[in-house]
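# Architecture at a glance
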Amino acid sequence: MDRLRVLLTFGTRPEAIKMAPIVHECQKRSARIELFVCVTGQHRQMLDSVVQYFGLPVDRDLELMVPDQTLAELSAHCLTGLDAAIVDYRPDCVVAQGDTTTVMAASLAAFYRRVPLVHVEAGLRTGDVYAPWPEEVNRRVASMTAALHCAPTPWAAENLLREGASPETVHVTGNTVVDALLWTVARERRRGASWRRRFHYLGSRRMVLVTSHRRENFGDGLEQICRAVARLAERFPEVEFVYPVHLNPHVREPVHRLLSGRSNVHLCPPASYPEFVWLMDRSTLILTDSGGVQEEAPSLRKPVLVMRETTERPEAVEGGGVELVGADVRKIVGRTSLLLTDAAAYAAHQIDANPYGDGSAAQWIVELMLRQGWRQQSPAAAARSPRKRAASVLSHRGD
Ligand code: UD1
Ligand code: UDP
């Protein structure tokens, strides 16, 4: 029997984390799926550490990370590199996850070759193309080209339907970030003793975990975030602040300039994924502008203050576990202080169910891929007739 040829691509830390469960599900079905993994290498150290932790197979690495490159340079190189991978691997479908430059380029590359795109984590929207920038546009490009939209929540699916996606192409699958988290947290809790030794300076004290990397926060926003952390560290000398600093130079410079040398602020390199999961689990609360962290924290019942003006993940905000505080010193300090001093306010931010998934998203996504009827032509025939192949693919989308 011909196997479904799947080209799965990712380039950054969060994509690798969220793709890992899908890779594992494809590997379990190796009798039905022939998997090719192409990483763009948009990230390097931060990607490699995830690839290693989950033991992900990499068939091709485009090695595109150049320190501080522009979005245009990165987009151009991703597009040509992924196009070559599509030509060489002749996939029946391309799978991309999320909203990075890698995803936007994968969507276009698949579209130009008329290969169906599976978009994982589809349908997130803020409605503002500049927040998050450029991610809001990246994910809209993916939605315009996708043949199968894997929406993490009903709200995300509704966004897609409102924009005109065909209902039979939109499925609510949950977010694979929860699959990865549940597997990892169970594993790392078993290694608690060694993590406690590693972070011995925490003792039994409370800890606030901090991350930041959003482009729209570069400059003034990030300076405000740092001033807020400095003020909180002074106000709460008995609380430890752990801040794994993203490798983007626009983040590293202000964070180290404004926060170095404080005894209860611990600036460290990006944490490996298992380390970060253990830190989230150990934390009292989390200050972040990350998308993935907003989705993970509810599973650990950790309150999150999101240092952004808007979020494309409103479900946990509505559920009470996540609160938007902007990149605003006064609000960050005020709301963090409240959660550190008022037990009732803290408890109100702990939610019992994670609205982003139950740990079975990857299984659903891979089953959906297999049901699409995309294995219609031999790769050789398809390569000879890309137009006919697209028609065949499209006619089977609703299977
Ligand atoms: C990217 C994504 C963002 C995602 C984030 C996850 C885009 C436009 N942005 O942002 O959506 O939320 O990843 O972290 O796709 N660097 C290193 N080593 C690494 C990674 C980054 O040195 O392993 C430095 C390099 O100087 C690199 C810079 O960070 O040029 C920026 O990396 P880039 O992928 O362009 O943007 P991020 O800010 O990481
Ligand atoms: N993460 C990590 N180490 C860190 C910070 C975050 O492994 O030092 C993980 C986190 O658990 C989540 C993902 O990286 O799964 C989020 O990535 P990031 O915040 O860089 O990107 P975003 O989700 O905002 O796109």
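Right, let's walk through the structure included here. As the structure is a prediction and not an experimental result, all values here were calculated from the model. (Residues numbered from 1 in each chain as written. Chains lettered and ligands numbered in written order. Predicted model: local features only at pLDDT ≥ 70, side-chain atom pairs only at ≥ 80, totals over all residues. Heavy atoms only, no water.)

### Here we look at the nonpolar core
With 64 residues, the main nonpolar core has F10, I22, V118, M280 and M369 as its most contacted residues. By residue number, the principal contributor to this core is helix α1 (residues 13-28), which donates 7 residues. Beyond its immediate chain neighbours, meaning those up to four positions away, V118 contacts C93, V94, V95, A96, L148, C150, M369 and W374. Membership of the second largest hydrophobic core comes to 33 residues, among which are V208, C226, A230 and F241. (Core = buried A, V, L, I, M, F, W, Y, C linked by side-chain atoms within 4.5 Å. Buried < 20%, exposed > 50% of the residue type's maximum accessible area, 1.4 Å probe, protein only. Helix = DSSP H or I, 4+ residues; strand = E, 2+ residues; numbered from the N terminus. Contact = heavy atoms within 4.5 Å.)

### A word on unusual backbone geometry
The general pattern is negative phi for most residues beyond glycine and trans for most peptide bonds. Cis geometry is found at the peptide bond from A131 to P132, where omega equals 0°. Cis geometry marks the peptide bond from W133 to P134, where omega comes out at 5°. Position of P134 relative to the elements: it lies in the loop between β5 (117-120) and α5 (135-145). The phi dihedral of R114 falls on the positive side, at around 55°, and the residue is not glycine. Relative to the helices and strands, R114 is located in the loop between α4 (101-112) and β5. Its relative accessible area of 40% is what places R114 among the partly exposed residues. Backbone geometry at E121 places phi at a positive 70°, although glycine is not the residue there. Along the chain, E121 falls in the loop between β5 and α5.

### Here we look at the site of ligand 1
Taken together, 24 residues surround ligand 1, and among them Q42, H43, Q45, D68 and E135 come closest. Residue Q42 places a side-chain N or O atom 2.8 Å away from an oxygen atom belonging to ligand 1. One of the side-chain nitrogen or oxygen atoms of H246 is found 3.1 Å away from an oxygen atom of ligand 1. For ligand 1, whose unbound accessible area comes to 740 Å², protein coverage reaches 95%. Broken down by class, the residue content of the shell around ligand 1 amounts to 9 nonpolar, 10 polar and 5 charged. (Near = heavy atom within 4 Å. Polar contact = N/O pair within 3.5 Å; in protein donor to acceptor, adjacent residues only side chain to side chain. Areas by Shrake-Rupley, 256 points an atom, 1.4 Å probe, with all protein chains shown as cover. Nonpolar A, V, L, I, M, F, W, Y, C, P; charged D, E, K, R; others polar.)

### Details of the pattern of salt bridges
If you walk through the whole model with that rule in mind, you get 32 salt bridges. With a shortest N-O distance of 2.7 Å, R44 and D48 are connected by a salt bridge. Residue D48 is classed as partly exposed on the basis of its relative accessible area, which comes to 33%. E135 is the partner of R214 in a salt bridge, and the nearest nitrogen-oxygen pair spans 3.3 Å. Residue R214 is located in the loop between β8 (207-211) and α9 (220-235), and its partner E135 is located in helix α5; the two are separated by 79 residues in the primary sequence. With a relative accessible area of 13%, E135 lands in the buried category. Linked by salt bridges that have partners in common, K18, D99, E121, E136, R139, R140, E295, R308, E312 and R313 make up one network. (Salt bridge = Lys/Arg side-chain N within 4 Å of Asp/Glu carboxyl O.)

### Quick word on the packing of α4 against α5
At a closest axis distance of 8 Å, the pairing of α4 and α5 adopts a crossing angle of 25°. Considering their axes alone, α4 and α5 lie roughly parallel with respect to each other. The crossing of α4 and α5 is left-handed. Listed contacts from α5 to T101, V103, M104, S107, L108 and F111 of α4 are N138, V141, A142 and T145. (Axes fitted to C-alpha atoms, helices over the stretch in contact; angles between N-to-C directions. Parallel < 35°, antiparallel > 145°, perpendicular 65-115°, else oblique. Left-handed = near helix turned anticlockwise from the far one by under 90°.)

### Let's talk about the side chain of S283
Counting through the fold element by element, S283 comes out in the loop between α11 (273-282) and β11 (285-288). Judged by its relative accessible area of 2%, S283 is buried. Beyond its immediate chain neighbours, meaning those up to four positions away, S283 contacts M207, L209 and K302.

### Some thoughts on the sheet that holds β8
The strand order across the open sheet built from 6 strands is β10-β9-β8-β11-β12-β13, with neighbouring strands paired in parallel fashion. Whereas interior strands pair on both sides, the edge strands pair on one side only; in this sheet they are β10 (265-268) and β13 (322-324). Neighbour-to-neighbour, the strand axes of the sheet open up by a mean angle of 20°, direction not taken into account. Two elements, β8 and strand β9 (residues 240-244), share 3 bridges in a ladder whose sense is parallel. Its bridge partner being in β9, M207 is matched across the sheet by E240. Its contacts with the sheet place α9 against β8, β9, β10 and β11, and it is angled at close to 155° to β9. The sheet strands contacting α11 are β8, β9 and β11, and the helix crosses β8 at an angle near 135°. (Pairing = 2+ DSSP bridges.)

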